Amino acid sequence: MIRLFFVLVGFSFAVIGGVSILAYLNLLTAGYNSSMYFMFLLRRVEFYFFIIGVIIIITSMIYPTKRKKTRKK
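Residues numbered from 1 in each chain as written. Predicted model: local features only at pLDDT ≥ 70, side-chain atom pairs only at ≥ 80, totals over all residues. Heavy atoms only, no water.

**Here's the deal with the overall build of the chain**
Short version of the rule: Secondary structure elements are defined from DSSP: runs of H or I of at least 4 residues count as helices, runs of E of at least 2 residues count as strands, and each element is numbered from the N terminus. Here the globule rule reads 2.2 Å times residues to the power 0.38, and the radius of gyration is calculated from C-alpha atoms. Classification of residues uses two cut-offs on accessible area relative to the type maximum, computed with a 1.4 Å probe and protein chains only: under 20% is buried, over 50% is exposed, and between them is partly exposed.
Helices and strands together make up the secondary structure of the chain, namely 4 helices and 0 strands. In the chain, the order of α-helices and β-strands from amino to carboxyl end is α-α-α-α. A compact globule built from 73 residues should have a C-alpha radius of gyration of about 11 Å, whereas the chain, at 18 Å, is more than 25% larger. Dimensions of the chain, computed from C-alpha atoms along their principal axes, come out at roughly 75 × 15 × 15 Å. Put simply, the chain has 73 residues, and 19% of those count as buried.

Here's what the structure looks like:
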């Protein structure tokens, strides 16, 4: 259950960051080149939300669960 919570939190962060990154693509049509765009992204908090969200999702999927051992009679 806790893993599902972390997947949802990570997904929320990734969506917030991803939507903002896509919205900032409009800067390329305004005259920014790709290096200026990436430098702009590095200064934005939303970019770090995206990175943190992806890391949380991957970690929650890879981290092993604790299972109770069943006793055989």
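Moving on from the coordinates now.
**What to know about the confidence of the model for the chain**
A low pLDDT score tells you not to read the predicted coordinates there in detail. Threshold: The score called pLDDT rates the predictor's confidence residue by residue, from a low of 0 to a high of 100.
Looking at the chain as a whole, its pLDDT mean stands at 90, while 96% of the residues score no less than 70. Of all the helices and strands in the chain, helix α2 (residues 26-29) carries the lowest mean pLDDT, 90, while helix α4 (residues 45-62) carries the highest, 95.

**Details of the packing of aromatic side chains**
The following threshold applies: Two aromatic rings, drawn from Phe, Tyr or Trp (for Trp, its six-membered ring), form a pair once their centres lie within 6.5 Å of each other, and the interplanar angle then sorts them: stacked below 30 degrees, edge-to-face above 60, tilted otherwise.
Evaluated as defined, the whole model comprises 5 aromatic pairs. Ring centres of Y24 and F40 lie 5.2 Å apart, and the angle between their planes is 85°; on these two criteria the pair is classed as edge-to-face. With Y24 in the loop between α1 (2-23) and α2 and F40 in helix α3 (residues 34-42), the pair connects residues that are 16 residues apart, well separated along the chain. Residue Y24 is classed as buried on the basis of its relative accessible area, which comes to 18%.

**Looking at the pattern of salt bridges**
Spelled out, the test is: Here, a salt bridge means any side-chain nitrogen of Lys or Arg that lies within 4 Å of a carboxyl oxygen of Asp or Glu.
Here the structure, examined in full by the defined rule, presents 1 salt bridge. With a shortest N-O distance of 3.6 Å, R44 and E46 are connected by a salt bridge.

**Let's talk about the side chain of S60**
This is how the line gets drawn: Contacts: residue pairs with any heavy atoms within 4.5 Å of one another.
Tracing the backbone through its elements, the reader meets S60 in helix α4. Given the relative accessible area of 7%, S60 is considered buried. Non-local contacts of S60, meaning those with residues more than four positions away in its chain, are made with R3, F6 and V7.

**Examining a nonpolar patch on the surface**
This is how the line gets drawn: For patch building, the residue pool is restricted to those with more than 30% relative accessible area and no salt bridge; the joining distance is 9 Å between like charges and 5 Å between nonpolar side chains (Val, Leu, Ile, Met, Phe, Trp, Tyr). Surface accessibility in these figures is a Shrake-Rupley result with a 1.4 Å probe; residues are shielded only by whichever protein chains are displayed.
A contiguous nonpolar patch, built from L22, L25, L28, Y32 and M36 and spanning about 430 Å² of accessible area, is present on the exposed surface. Among the secondary structure elements, M36 is positioned in helix α3. Of the residues examined, M36 reaches a relative accessible area of 41% and is grouped as partly exposed.

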